[in-house]
Amino acid sequence: MNEDKGARYHRLRRQAAMASTLFGAAWLGGLYASGGSTTLAALATRAAGALPAALAPAGAVAAFVGILAAGYELISFPIAAYRGWFLERRYGLSAESLGEWLRDHAKGFGVGLVLAIGAAFVFYGCIHAAGRWWWAAAAAAFSAVAVLLALAAPVVLMPLFYRFAPLEREALRDRLLALCREAHVPVLGVFEWALGEKSTRANAALVGIGRTRRILLSDTLLAGYSDDEIAVVLAHELAHHVHQDLWTGLALESATLMAGFFTVSRLVQNPGDLAALPLVALIFAAVSICLTPAANAWSRRNERRADRFALDLTGLSTPFISAMRRLAAQNLAEERPSSVTYWFFHSHPTIEERIEAARDVR
């Protein structure tokens, strides 16, 4: 196979991700089919019996989710290390030592476990409170949580993994804030994102909602790109807020949640049974995977529109093209994916598509 470096890197990452998914499915499916989930649920319930009666049900749910998460972590950790650290180092995209990566991975597992336990509480709470319409209540509750996470991510989650500081380049800061005012997108401020401590990639983002919305520019972007290039990249991020792409994305996520919970309600005889949780997770994951191509197609449409907005707002087609080429090289983008890969895995148009579109608006 005659592959370039980027294509090979992404192929290996996809293979690792698919292996991790299959291992997870085997863990959950094997546990449910063998009756192991019934045994573990009973053990979790007995262990929670030591708690006060009012807390025992929640304790059982937390213990069982912890067991499921720990089991998956054990079987998937080698793949996670291969995908998250080894491949990144091999292809020159990671600036972390193995010890630093392990600390971040442990931190991520802890955050994920807390969120998973919280999700299980919401799931079982909706089943007990909403009766036959639990699936609609659960979709609404999880959608509300998604909004809260989008609001909290810049101030609660991201600082767990990265350092941020107000941008000191006054001219660039003022220019970006002027772009925000022109686009009628208020922001809290412009911050330098210490991405270079962990990665060689360059990135810019406009994160948060309302009072938490802020511009993030990676130190790697600030170090190697011109102010024009940074401005047009930021204008692309602004477009997503102008066009309410975050909210339409949350609406699509809500539709996926509704489809997943409805499917569970039809296929699982007693979803309120703690031992059925592995089957619930499997069904939900299957629905999500099936809807991924449609979600990616919608995302690619939004990305094309954001590119056009950025070019119209700034008039910087030449810096846009140079930024796309440099970002593709620095971040090791997959420039020529197969049609199947593009359809199922790519949430953005290819770099060449974006550059050709930019040439057309000169």
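Check the entry above for the structure.
Residues numbered from 1 in each chain as written. Predicted model: local features only at pLDDT ≥ 70, side-chain atom pairs only at ≥ 80, totals over all residues. Heavy atoms only, no water.

**Some words on the overall build of the protein**
Okay, step 1: Summing up its helical and strand segments, the protein has 13 helices and four strands in all.
Okay, step 2: The C-alpha radius of gyration computed for the protein amounts to 22 Å, which stays within 12% of the reference 21 Å derived for 362 residues, consistent with globular compactness.
Okay, step 3: The dimensions of the protein, computed from C-alpha atoms along their principal axes, are 65 × 45 × 35 Å.
Okay, step 4: Within the protein, the proportion of its 362 residues that are buried is 42%.
Okay, step 5: The contacts in the protein between residues at least 6 apart in sequence include a share of 75% that link residues at least 24 apart.
Okay, step 6: A total of about 17,900 Å² of accessible surface is found on the protein, and carbon and sulfur atoms cover 64% of it.
Okay, step 7: Looking at charge distribution, the protein has the averaged site of its 34 positive side-chain charges lying 4 Å from that of its 30 negative ones. (Helix = DSSP H or I, 4+ residues; strand = E, 2+ residues; numbered from the N terminus. Rg over C-alpha atoms; globule rule 2.2 N^0.38 Å. Buried < 20%, exposed > 50% of the residue type's maximum accessible area, 1.4 Å probe, protein only. Contact = heavy atoms within 4.5 Å. Areas by Shrake-Rupley, 256 points an atom, 1.4 Å probe, with all protein chains shown as cover. Lys, Arg positive; Asp, Glu negative; His and termini not counted. Charge placed at Lys NZ, Arg CZ, Asp CG, Glu CD.)

**Here's the deal with helix α4 (residues 98–130)**
Okay, step 1: Under the 1.5 Å per step criterion, the end-to-end length of α4 is 47 Å for 33 residues, consistent within 8% with the ideal 48 Å.
Okay, step 2: Gly131, located one to two residues past α4, shows a positive phi value of around 60°. (Expected span 1.5 Å × (residues − 1).)

**Description of a nonpolar patch on the surface**
Okay, step 1: Together, Leu22, Phe23, Tyr72, Leu74 and Ile75 make up an exposed nonpolar region whose accessible area comes to about 500 Å².
Okay, step 2: Listing elements by their share of the nonpolar patch, those giving two or more residues are α1 (5–33) and α3 (56–90).
Okay, step 3: For the nonpolar patch, the element with the highest residue contribution is α3, accounting for three residues.
Okay, step 4: We classify Leu74 as exposed; its relative accessible area is 69%. (Patch = residues over 30% accessible without salt bridge, like charges linked within 9 Å, V, L, I, M, F, W, Y side chains within 5 Å. Salt bridge = Lys/Arg side-chain N within 4 Å of Asp/Glu carboxyl O.)

**A few points about the pairing of strand β2 (residues 190–193)**
Sheet faces and side chains relate simply in a regular strand, where the side chains alternate between the two faces.
Okay, step 1: Across three bridges, strand β1 (residues 164–166) lies against β2 in antiparallel orientation. Within the sheet, the bridge partner assigned to Phe164 lies in β2 and is Trp193.
Okay, step 2: Sheet topology places β2 next to strand β4 (residues 214–218); four bridges connect them, and they run parallel. Across the sheet, the residue bridging to Val190 is Ile215, located in β4. (Pairing = 2+ DSSP bridges.)

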